[in-house]
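Architecture at a glance
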Amino acid sequence: MKSILIYSTLTGNTKKVAESIKEVMPENTDFISIDEAKNIENFDDYDFITIGYWVDRGTADKKTLEVLKNIKNKKIAFFFTLGAYPDSEHAQKCVDRFEELMKNNNNEVLGHFHCQGKIDPRLAEKFKNLPPDHPHAMNEERKKRHAEAAKHPNDEDFQKAKDTFSKILSNI
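What counts, and at which threshold
- Residues numbered from 1 in each chain as written.
- Predicted model: local features only at pLDDT ≥ 70, side-chain atom pairs only at ≥ 80, totals over all residues.
- Heavy atoms only, no water.
- Helix = DSSP H or I, 4+ residues; strand = E, 2+ residues; numbered from the N terminus.
- Rg over C-alpha atoms; globule rule 2.2 N^0.38 Å.
- Buried < 20%, exposed > 50% of the residue type's maximum accessible area, 1.4 Å probe, protein only.
- Phe/Tyr/Trp six-rings, centres within 6.5 Å; stacked < 30°, edge-to-face > 60°.
- Lys NZ or Arg CZ within 6 Å of the ring centre and 35° of its normal.
- Pairing = 2+ DSSP bridges.

**Description of the overall build of the protein chain**
- A count of helices and strands for the protein chain gives seven helices and six strands.
- In the protein chain, the succession of α and β elements from N to C terminus is β-α-β-α-β-β-α-β-α-β-α-α-α.
- For the protein chain, whose C-alpha radius of gyration is 16 Å, the value lies close to the compact-globule estimate of 16 Å for 172 residues.
- Along the longest, intermediate and shortest principal axes, the C-alpha atoms of the protein chain span 50 × 30 × 25 Å.
- Looking at the protein chain as a whole, 45% of its 172 residues qualify as buried.

What follows is the structure, given as structure tokens:
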């Protein structure tokens, strides 16, 4: 089985998760950044594709969305990091949106993993300057969530990612 693991990262969170997942992938898995993946016109050489990204506005970041257009009729698994709590409604909507994107290209989604990750400091700074009635304004709950997100991904997240992908791979 020929496999590839592609990751997109902004703050380094997703790359760290990708590196932990790589430990359980088949030995000859190609491991590349999203920038390298942009040069692949089709993924016909791969039987299994793992793609990781950071959440931007409730979906995959723009670079990942561009690469997804070239992934068709494949067995895939995905992972992502986000600032929201992993058990939140927002996180579940992110899962659902990505699964829908994959299914639209006739891909078979075999599983996924997601966890919190620290929030880009530039984005956090923007939140501080929003008016109090704005839905993304910095309030006490948001400060608490940002503080928790800053602790992730951690060793427990890395282990959960490896366990999840080990199980996915054992079912192929």
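**Overview of the packing of aromatic side chains**
- The full count for this structure, using the stated rule, is seven aromatic pairs.
- Plain terms: the ring middles of Tyr-53 and Phe-98 are 4.6 Å apart, the flat faces sit at 25 degrees to each other, and that makes the pair stacked. Pair noted here: Tyr-53 is in strand S3 (residues 48-56) and Phe-98 is in helix H4 (residues 89-104), with a separation of 45 residues, a long-range link.
- Ring centres of Phe-78 and Phe-80 lie 6.4 Å apart, and the angle between their planes is 10 degrees; on these two criteria the pair is classed as stacked. In this pair, the class of Phe-78 matches that of Phe-80, namely buried.
- Aromatic rings pair up to connect Tyr-53, Phe-78, Phe-80 and Phe-98 into one cluster.
- Cation over ring: Lys-22 sits above Phe-31, and NZ or CZ is 5.2 Å from the ring centre.
- Over the ring of Phe-127 we find Arg-142; its NZ or CZ atom is 4.9 Å from the centre of that ring.

**Remarks on the pairing of S3**
- Within S3, seven of the nine residues are buried, which leaves it mostly tucked inside the rest of the structure.
- The pairing of strand S1 (residues 3-7) with S3 spans five bridges and is parallel. By the bridge assignment, Ser-3 is partnered in S3 with Phe-48.
- Note that S3 and strand S5 (residues 75-82) share seven bridges and pair parallel.

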